[in-house]
Amino acid sequence: EEVGCVGRATRALPVVRMAKGADGEQLVLVDSGANIELQPFPSKWKGTPPKDADRITLNLAMGEGTAWQYNGITYGESMEPLMSWGKYAKNWSQTGDFNHASKHPHIKHEPTGLTVPLIWLDNLPYIKNGDLEELRLASKLPRLEAKRFQHQQTQRRPPCHEVL
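Source: prediction; values computed, not measured.

The rules behind the values
Residues numbered from 1 in each chain as written. Predicted model: local features only at pLDDT ≥ 70, side-chain atom pairs only at ≥ 80, totals over all residues. Heavy atoms only, no water. Salt bridge = Lys/Arg side-chain N within 4 Å of Asp/Glu carboxyl O. Helix = DSSP H or I, 4+ residues; strand = E, 2+ residues; numbered from the N terminus. Buried < 20%, exposed > 50% of the residue type's maximum accessible area, 1.4 Å probe, protein only. Core = buried A, V, L, I, M, F, W, Y, C linked by side-chain atoms within 4.5 Å. Contact = heavy atoms within 4.5 Å. Expected span 1.5 Å × (residues − 1). Arc of directions from axis to C-beta.

A. The arrangement of the pattern of salt bridges in detail. Following the criterion strictly, the structure yields three salt bridges and no others. Two residues, Glu 133 and Arg 136, come together in a salt bridge whose shortest N-O distance is 3.0 Å. Remark: Arg 136 and Glu 133 occur in helix H2 (residues 129-140); sequence separation between them is three residues, near one turn of the helix. Using a relative accessible area of 36% as the deciding quantity, one classes Glu 133 as partly exposed. What makes Arg 136 buried here is its relative accessible area of 13%. One connected set of salt bridges, linked through shared partners, spans Glu 37, Glu 133 and Arg 136.

The following block contains the structure:
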């Protein structure tokens, strides 16, 4: 009698989900296991990546995918966009409340206080694509030290418009 399984292994294809918010805006999966940001091809590429983009193969949980790295972002023609939570939390000074049962699940950029809501969809945390861009911009803002701009005569901090 034969013992064990007899069969043929096949390569699984990546599952493509393009989640949209209630307003139709593209949602980005916040992935704690990802080490890269993944975005779909921008429409201006018209399906063809720039000549100076590097073609790579991604090893995904389910199969492989072909992608292109360009300006620090990895682009896949038919892959769900994702945000690397661990990488960006560290590099962009972010904290978050990922509790599904929370009244206000969110990601917060600590230096500026910018807070964007998490959207739970099919038991996965997402943010809007526009919110990802806001977090990216906030991470690039210079940090001003208020003590450096203390007014000499009154020992008060001047209003922002006086500093700028």
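B. Representation of the nonpolar core within the structure. One finds Val 30, Met 83, Trp 85, Ile 107, Ile 127, Leu 132 and Leu 135 to be the most contacted residues of the largest nonpolar core, which totals 13 residues. The set of elements that each furnish at least two residues to this core consists of strand E1 (27-31), helix H1 (85-91) and H2. Sort the elements by how many residues they give to this core and H1 lands first, with three residues. Leaving out residues up to four positions away in the same chain, Trp 85 has contacts with Val 30, Asp 31, Ser 32, Gln 94, Thr 95, Gly 96, Phe 98 and Ile 107.

C. Broad picture of the environment of Phe 98. You can see Phe 98 is positioned in the loop between strand E7 (94-97) and strand E8 (106-109). Along the primary structure Phe 98 and Leu 124 are separated by 26 residues, whereas in three dimensions their C-alpha atoms are 9.9 Å apart. Once you skip the residues sitting within four places of it in the chain, Phe 98 turns out to touch Val 30, Trp 85, Ile 107, Leu 118, Trp 120 and Pro 125.

D. Region of the structure containing H2. With twelve residues, H2 extends 17 Å from end C-alpha to end C-alpha; this agrees with the ideal 16 Å at 1.5 Å per step. Every buried residue belonging to H2 is among Asp 131, Leu 132, Leu 135, Arg 136 and Ala 138, and all of these are buried. Buried residues in H2, looked at end-on, bunch into an arc of 165°, giving them a common side. Along H2, the residues that are exposed and aim more than 90 degrees away from the buried face are Leu 137 and Lys 140.

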